[in-house]
Amino acid sequence: MKAVTWQGKRDVRVENVPDPGIQEPTDAVIRVTSTGLCGSDLHLYEVLTPFMTPGDILGHEPMGIVEAVGAAVPDLKAGDRVVVPFQIACGNCWMCLNSLPTQCETTQVTSEGMGAALFGYTRLYGAVPGGQAEYLRVPQAQYGPIKVPEGPPDDRFVYLSDVLPTAWQAVAYADIPEGGSVAVLGLGPIGDMACRIAQVRGAGQVFGVDLVSERLRRARARGVQTYDLRSFDSEKELVQAIRDETDGRGPDAVIDAVGTEAHGSAVARLAQQASALLPRRISGPFAERFSVDRLAALHTAIELVRRGGTISLSGVYGGMADPLPMLTMFDKQLQIRMGQANVRRWSDEIIPYLTDEDPLGVDDFATHHVPLSDAPHAYEMFQKKQDGAVKVLMRP
């Protein structure tokens, strides 16, 4: 089959690889019909290269048609249409039963000290072949795949794999009071969708911050009060502008949907780049022990949120030596929640919104649809924010 493989920093290729098959009774194999390109994939493209191996199959946002199922998968059959969550979880362990499938005790990558295995996402999360491919082996298929109806196009449902539950959890963790205010930092796919979800869940004021014109335009078209970072000379000016809209206090909650890709510390960027240039046998340990994120967005969130407010982190951070302003965080009495989205925890709440009325705007959420063979160009375009690329879907 054809699959998108990682070969090095900013080097992805579509190659022929062996077809997957049933290996365990709890497996399924699906024929992928749509698969997303995620902002998290860009971390693999550039930042997290020490944890990658040439030939790794990328991607964690797939949906498709079931081709085969193992003997211990009673609720799926060939021909079912399913979305596959990005995490792999059993549904039966203590963590899963307590709505934390990203911490699944059956698939935890204990050798790396990490949580549940993820599709297509480095050795830290199990080095499981990903979904940017023609076919995908799905472990723990007795729990993971979400069956969806025939009829509507893939765009209606594919975001259940990651974008929708990640944005939903970001809003839920933000704990916005009814009629309250929230600022979303970063209007890529997750931030954009978080704004939409905050609106339908009753937020009174939704502010969106970015520096990409197309992203700002999309959010503004849906009633978000947007702020272009390029219009401010300093963080303080931006913070004051939003405080002026919230009685001088700042928003009740801030969602950081940027993560380590934030435009910020040149020193941190150099450290990320340096680790990627080291020999493979030492680059991984170096990055694990000494990596420092670019924390511009997180520092802005801490400064911006009102006292006693909540910060919700959905952007991916990977540093182990990140300096945080603990005095400010303590003095402002902040609450911070974060983590990978627990997809099956939220999917039943989200599905009622995936109707013909399309309140979340999923049907036209993608800005680009490309064949799988165009993956190298799609990665470059998305990484460089070219051609108005906000969300890319690939079709094998």
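These figures come from a predicted structure and were not determined experimentally.

Draft legend 1. Main features of the overall build of the protein. When its secondary structure is counted, the protein shows 12 helices and 16 strands. Every one of the 396 residues in the protein was classed for burial, and the buried ones make up 55%. Residue pairs in contact within the protein that sit at least 24 positions apart in sequence constitute 73% of those at least 6 positions apart. As displayed, the protein offers around 16300 Å² of accessible surface, 51% of which is attributable to carbon and sulfur atoms.

Draft legend 2. How the structure looks around the pattern of salt bridges. Applying the stated criterion across every chain, the model contains 21 salt bridges. A salt bridge links E61 to K391; its shortest N-O distance comes to 2.7 Å. One end of the pair, E61, is in the loop between β4 (56-57) and β5 (62-69); the other, K391, is in the loop between α12 (375-383) and β16 (392-395), and 330 residues separate them in sequence. Each of the two residues, E61 as well as K391, counts as buried.

Draft legend 3. Representation of unusual backbone geometry in the model. Residue T122 is not a glycine yet carries a positive backbone phi of 65 degrees. A positive phi is found at Q140, a non-glycine position, where the angle reads about 55 degrees. With respect to the helices and strands, the residue Q140 is situated in the loop between β7 (135-138) and β8 (146-147). Among the residues examined, Q140 registers a relative accessible area of 15% and is labelled buried.

Draft legend 4. Layout of the packing of aromatic side chains. One pass over the structure, following the stated rule, counts six aromatic pairs. Geometrically, the ring pair formed by Y121 and Y125 is tilted, given 6.3 Å between the ring centres and 55 degrees between the ring planes. Residue classification places Y125 among the buried residues on the basis of a relative accessible area of 15%. A connected cluster of aromatic rings, assembled from ring pairs, spans F207, Y227 and F232. Seen from the ring of F365, R218 lies directly overhead, with NZ or CZ sitting 5.0 Å from the centre. Geometry around Y143 places R344 over its ring, the cationic atom sitting 5.3 Å from the centre.

Draft legend 5. Main features of helix α6 (residues 235-243). Within α6, the full set of buried residues consists of L238, V239, A241, I242 and R243. Tucked inside the fold, the buried residues of α6 contact β10 (205-210), β11 (225-228) and α9 (296-304).

Draft legend 6. Just the pairing of strand β2 (residues 11-16), in detail. Note that strand β1 (residues 2-8) and β2 share six bridges and pair antiparallel. In the strand pairing of β2, T5 is matched with R13. Counting the residues in the hairpin turn of β1 and β2 gives two residues, including R10, whose phi is positive at 55 degrees.

Draft legend 7. The sheet that holds strand β12 (residues 253-256), seen in detail. Read across the open sheet, the six strands follow the order β11-β10-β9-β12-β13-β14; overall the sheet is parallel. One side of each edge strand has no neighbouring strand; the edge strands of this open sheet are β11 and β14 (335-338). The average angle at which neighbouring strand axes cross in this sheet is 20 degrees, direction not considered. Where strand β13 (residues 310-313) and β14 come together, four bridges link them in parallel fashion.

Draft legend 8. Up close: the environment of E303. In this structure, E303 sits in helix α9. Discounting chain neighbours no more than four positions away, the residues touching E303 are E235, V239, R243 and K332.

Draft legend 9. Structural context of α12. A375, A378, Y379, M381 and F382 are the residues of α12 that are buried. Considered in projection along α12, the buried side chains sweep an arc of 165 degrees and stay on one side of the axis. Of the residues trailing α12, K385 is marked for its positive phi of about 55 degrees.

Draft legend 10. Molecular detail of the environment of L304. Within the secondary structure, L304 is located in helix α9. For L304, a relative accessible area of 0% corresponds to the buried category. It is 8.7 Å that separates the C-alpha atoms of L304 and L238, two residues lying 66 residues apart in sequence. In this structure L304 touches A183, L185, V239, I242, R243, R249, G250, P251, V254 and K332, once residues within four positions along its chain are discounted.

Draft legend 11. Region of interest: the confidence of the model for the protein. In the predicted model, the protein carries a mean pLDDT of 90, and 89% of its residues have values of at least 70. For residues 282-293, every residue scores under 50 in pLDDT, and the model assigns this stretch 39 contacts once sequence neighbours within four places are set aside.

Draft legend 12. Region of interest: the sheet that holds β1. Judged by pairing direction, the sheet is antiparallel, and its three strands sit side by side in the order β2-β1-β4 without closing on themselves. The two strands at the open ends of the sheet, each matched to only one other strand, are β2 and β4. Helix-sheet contacts for α12 involve β1 and β2, and the interaxial angle to β2 is about 160 degrees.

Draft legend 13. Up close: the packing of α6 against α9. Between α6 and α9, the least distance of the axes is 10 Å, while the angle of their chain directions is 40 degrees. By the angle class used here, α6 and α9 are oblique. The element α6 and its partner α9 pack so that their crossing is right-handed. Facing E235, L238, V239, I242 and R243 of α6, the residues of α9 in contact are A296, H299, T300, E303 and L304. Split by residue class, the contact of α6 with α9 holds five nonpolar, two polar and three charged.

Cut-off values and rules
- Residues numbered from 1 in each chain as written.
- Predicted model: local features only at pLDDT ≥ 70, side-chain atom pairs only at ≥ 80, totals over all residues.
- Heavy atoms only, no water.
- Helix = DSSP H or I, 4+ residues; strand = E, 2+ residues; numbered from the N terminus.
- Buried < 20%, exposed > 50% of the residue type's maximum accessible area, 1.4 Å probe, protein only.
- Contact = heavy atoms within 4.5 Å.
- Areas by Shrake-Rupley, 256 points an atom, 1.4 Å probe, with all protein chains shown as cover.
- Salt bridge = Lys/Arg side-chain N within 4 Å of Asp/Glu carboxyl O.
- Phe/Tyr/Trp six-rings, centres within 6.5 Å; stacked < 30°, edge-to-face > 60°.
- Lys NZ or Arg CZ within 6 Å of the ring centre and 35° of its normal.
- Pairing = 2+ DSSP bridges.
- Axes fitted to C-alpha atoms, helices over the stretch in contact; angles between N-to-C directions.
- Arc of directions from axis to C-beta.
- pLDDT = per-residue confidence, 0-100.
- Parallel < 35°, antiparallel > 145°, perpendicular 65-115°, else oblique.
- Left-handed = near helix turned anticlockwise from the far one by under 90°.
- Nonpolar A, V, L, I, M, F, W, Y, C, P; charged D, E, K, R; others polar.

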